[in-house]
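# Fold and geometry: a report
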Amino acid sequence: MDKYVLVTGGTGYIGSHTAVALLEAGYQIVIIDNLNNSSKEVLSRIEEITGTTPPFVQADLRDTDTVHEVFEKYSVTSVMHFAGHKAVGESVENPSMYYANNIGSTLSLIEAMQAAEIFTLIFSSSATVYSSTALSPFKEETEKDPINPYGMTKYLIEQRLTDLIKTHADWRIGLLRYFNPLGAHPTGRLGETSIGTPNNLMPYLMQVASGKLPKLKIFGDDYDTPDGTCIRDYIHVADLAKGHLAALQFLKGRTGAHAWNLGTGKGTSVLELVETVEKVIGYPINREITSRREGDVIEAIADPSKAYAELLWRAELTIDDMCKDSWNWQQQNPDGYSSTR
Ligand code: NAD
Ligand code: UFG
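Since the structure is predicted, the reported quantities are computational estimates derived from the model, not experimental observations.

## Comments concerning the overall build of the protein
A tally of helices and strands in the protein yields 11 helices and 14 strands. Since a compact globule built from 341 residues should have a radius of gyration of about 20 Å, the 19 Å found for the protein is in line with a globular shape. Seen along its three principal axes, the alpha-carbon backbone of the protein occupies a region of about 55 × 45 × 40 Å. Classification of the 341 residues of the protein by burial places 55% in the buried group. In the protein, once contacts between residues fewer than 6 apart in sequence are set aside, the share between residues at least 24 apart is 80%.

And the structure:
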C-alpha cells in the first residue's frame, strides 16, 4: 500500500485537480499550502467530490522544519510540487519575489526530503523553459532559453533537481512541462481563480462572457499564422492531473531525472478559442484587436510523444470540453471560491 503523497500547492488550480485524481486513484495525500494564491474552501470542494478531506497544513514551504514534521507525521513517500508563483508579468516587475519563492521553496523542500530520505519528486515545470525562437512542436530536448524571470526559475529548478542524481542515486525526478492549462472540474466545484484582473486568455474571456469585464483585447492579428493570432497548445487540467499519476507510476520502476511535455500536440489560435467560447455560451464576445503583447511567442505547441511512449499518457479532452468546463465553473463561481451557490 502506498503511503502518503505530499501535494505542495495542493489548494491551487492544478494541485487541487491532481489531489482529486490521486484520492480517486486510492492514494492518501497531505497538502501543504500557504494560501498565498488559494482558498481553504478548496478543501471542502475536494471533500464534496471525493468524500475525503485530505489533511492540510497551512505553511510556507520555506519553513523546512514544518515540512520535515509533515514528512514524519504522515510517512510521506513521494512529493508532487506545485507550490510557487506563476504570473509571467508579475515576475518581470518583481523578479526577486519569484527567485525567492520558487527557488527558495524548492531548495527547502529538497533539504527536508533529503533529511527524511524521501527521493521521489514530481515538479510543475512549464513550456516557458523553451527558447522563444525555437520552432514548434517542442521536443523535450528543444533548446532552453527562458525570456522572463518566471521561466528562468523553472529552468534553474530543473537544473538543480537534475543535479540531485549526482549526489544520491535513489532520486526519482519527474519534470512535467505543462503547456497552457485550461478548463475546470466537470462538477464546476474546482477551477481557476484570479486575484484582480486576469492576465491569461481564458480567465479574461470568462469575465467578458459573464459581463464582469467589458471587452477582450486580442493582442495582435498580424502574426504569421493562418488567422494572424498567436497559437498555443491548450490542455485540460483534468488531463494534466492524469499525467501526474502516470509519472508517479513510471517513477516507481526507475531512478533518474525525466522530463515530459504535457500538451495535446495541437495548436489553437486566439481567435479559434474565442469562437469556441462563443459557441459554448451562445452569444458573441465583445472584442477588439490591439497591438501585440511584449514577449509573446507566435506559436507554442508540444510534441507529447515522449509522454505517450513512456507514460502511456495522452491528453483526451478537447478545446470544446475545456471551454464548457471553464464556463460551467465561471457560472457556478462568479467570484471564485468566495462565491456562494
Ligand atoms: P496556483 O497559484 O493556483 O497554485 C499554486 C499554489 O501554491 C497556491 O495555492 C499558492 O498559495 C501556493 N504557494 C505558492 N508559494 C508557496 C509557498 N512558498 N509555500 C506554500 N505554498 C505556496 O497555480 P497553478 O496554476 O495551480 O500552478 C501550479 C504550478 O504549475 C506552479 O508551479 C506553476 O508555476 C506551474 N505552471 C502553471 C501553469 C498555468 O498556466 N497555470 C503553466 C505551467 C506551469
Ligand atoms: N491573449 C490575448 N488577450 C488577453 C490575454 C491573452 O490576446 O487578454 C493572447 C496572448 O497574446 C497569447 C494567448 O492569448 O497569444 C495566450 O496567452 P496567455 O496569457 O493565456 O498564455 P501564455 O501562453 O502567454 O502563457 C501561459 C502562462 C505561463 C505558462 C505558459 C505555458 O501564463 O505561466 O502559458 O505555455 F508557462
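On we go from here.
## Here's the deal with the sheet that holds strand β9 (residues 231-232)
Across the sheet, which stays open at both edges, the three strands sit in the order β12-β9-β14 with mixed pairing between neighbours. Two strands close off the open sheet at either side, each with one partner strand: β12 (268-269) and β14 (299-300). With two bridges joining them, β9 and β14 adopt parallel strand pairing. Within β14, the position partnered with Arg232 by the bridge is Ala300.

## Digging into the side chain of Ser38
Within the fold, Ser38 resides in the loop between β2 (28-33) and α2 (41-50). Only 2.8 Å separates the side chain of Ser38 from the side chain of Thr11, close enough to count as a polar contact. For Ser38, the side chain forms a polar contact with the side chain of Asp33, separated by 3.4 Å. Leaving out residues up to four positions away in the same chain, Ser38 has contacts with Thr11, Gly12 and Asp33.

## Digging into the pattern of salt bridges
For side chains bearing opposite charge, pairing can occur when the charged atoms are close. Within the structure shown, the criterion is met by 15 salt bridges. Note that Asp335 and Lys212 form a salt bridge whose closest N and O atoms lie 2.9 Å from each other. Taken together, the positions of Asp335 in the segment after α11 (319-332) and Lys212 in the loop between α7 (201-209) and β8 (216-219) put the pair 123 residues apart, joining distant regions of the chain. Salt-bridge contacts for Arg287 lead to Glu278; the nearest nitrogen and oxygen are separated by 2.9 Å. One connected set of salt bridges, linked through shared partners, spans Arg232, Arg293 and Asp296.

## Regarding the packing of aromatic side chains
All chains considered together, the criterion is met by eight aromatic pairs. Relative to Tyr150, the ring of Tyr98 has its centre 6.4 Å away and its plane inclined at 85°; by these criteria the two rings are edge-to-face. In this pair, Tyr98 sits in helix α5 (residues 95-116) while Tyr150 sits in helix α6 (residues 149-167), placing the two residues 52 residues apart along the sequence. Accessibility classification places Tyr98 together with Tyr150 in one group, the buried group. Seen in terms of ring centroids, Phe250 and Trp260 are 5.0 Å apart; in terms of plane orientation they differ by 85°. Their pairing is edge-to-face. On the criterion of sequence distance, the pair formed by Phe250 in helix α8 (residues 237-252) and Trp260 in strand β11 (residues 256-262) is long-range, its members being 10 residues apart. Judged by its relative accessible area of 9%, Phe250 falls in the buried class. Connected via pairs of aromatic rings, a cluster forms that spans Tyr130, Phe138 and Phe179.

## Here's the deal with the site of ligand 1
Contacts to ligand 1 come from 27 residues, most closely from Asp33, Asn37, Ser38, Asn101 and Tyr150. Here an oxygen atom of ligand 1 and a backbone polar atom of Tyr13 are 2.8 Å apart. A total of 820 Å² of accessible area belongs to ligand 1 in isolation, and the protein chains cover 95% of it. Counting only elements with at least two residues in the shell around ligand 1, the list comes to α1 (13-24), α5, β5 (120-126) and α6. Per element, the largest residue contribution to the shell around ligand 1 is three residues, and it comes from β5. For the shell around ligand 1, the per-class residue count stands at 10 nonpolar, 13 polar and four charged.

## Quick word on the pairing of strand β1 (residues 4-8)
Of all the five residues making up β1, five are buried; the element is thus mostly covered by neighbouring parts of the structure. As judged from the five bridges shared by β1 and β2, these two strands associate in the parallel manner. Its bridge partner being in β2, Val7 is matched across the sheet by Ile31. For the crossover from β1 across α1 to β2, the handedness is right-handed. In this sheet, strand β4 (residues 76-81) lies alongside β1 in parallel orientation, the contact comprising five bridges. Across the sheet, the residue bridging to Tyr4 is Val76, located in β4.

Cut-off values and rules
- Residues numbered from 1 in each chain as written.
- Chains lettered and ligands numbered in written order.
- Predicted model: local features only at pLDDT ≥ 70, side-chain atom pairs only at ≥ 80, totals over all residues.
- Heavy atoms only, no water.
- Helix = DSSP H or I, 4+ residues; strand = E, 2+ residues; numbered from the N terminus.
- Rg over C-alpha atoms; globule rule 2.2 N^0.38 Å.
- Buried < 20%, exposed > 50% of the residue type's maximum accessible area, 1.4 Å probe, protein only.
- Contact = heavy atoms within 4.5 Å.
- Pairing = 2+ DSSP bridges.
- Polar contact = N/O pair within 3.5 Å; in protein donor to acceptor, adjacent residues only side chain to side chain.
- Salt bridge = Lys/Arg side-chain N within 4 Å of Asp/Glu carboxyl O.
- Phe/Tyr/Trp six-rings, centres within 6.5 Å; stacked < 30°, edge-to-face > 60°.
- Near = heavy atom within 4 Å.
- Areas by Shrake-Rupley, 256 points an atom, 1.4 Å probe, with all protein chains shown as cover.
- Nonpolar A, V, L, I, M, F, W, Y, C, P; charged D, E, K, R; others polar.
- Right-handed = clockwise from strand over helix to strand, strands pointing away.

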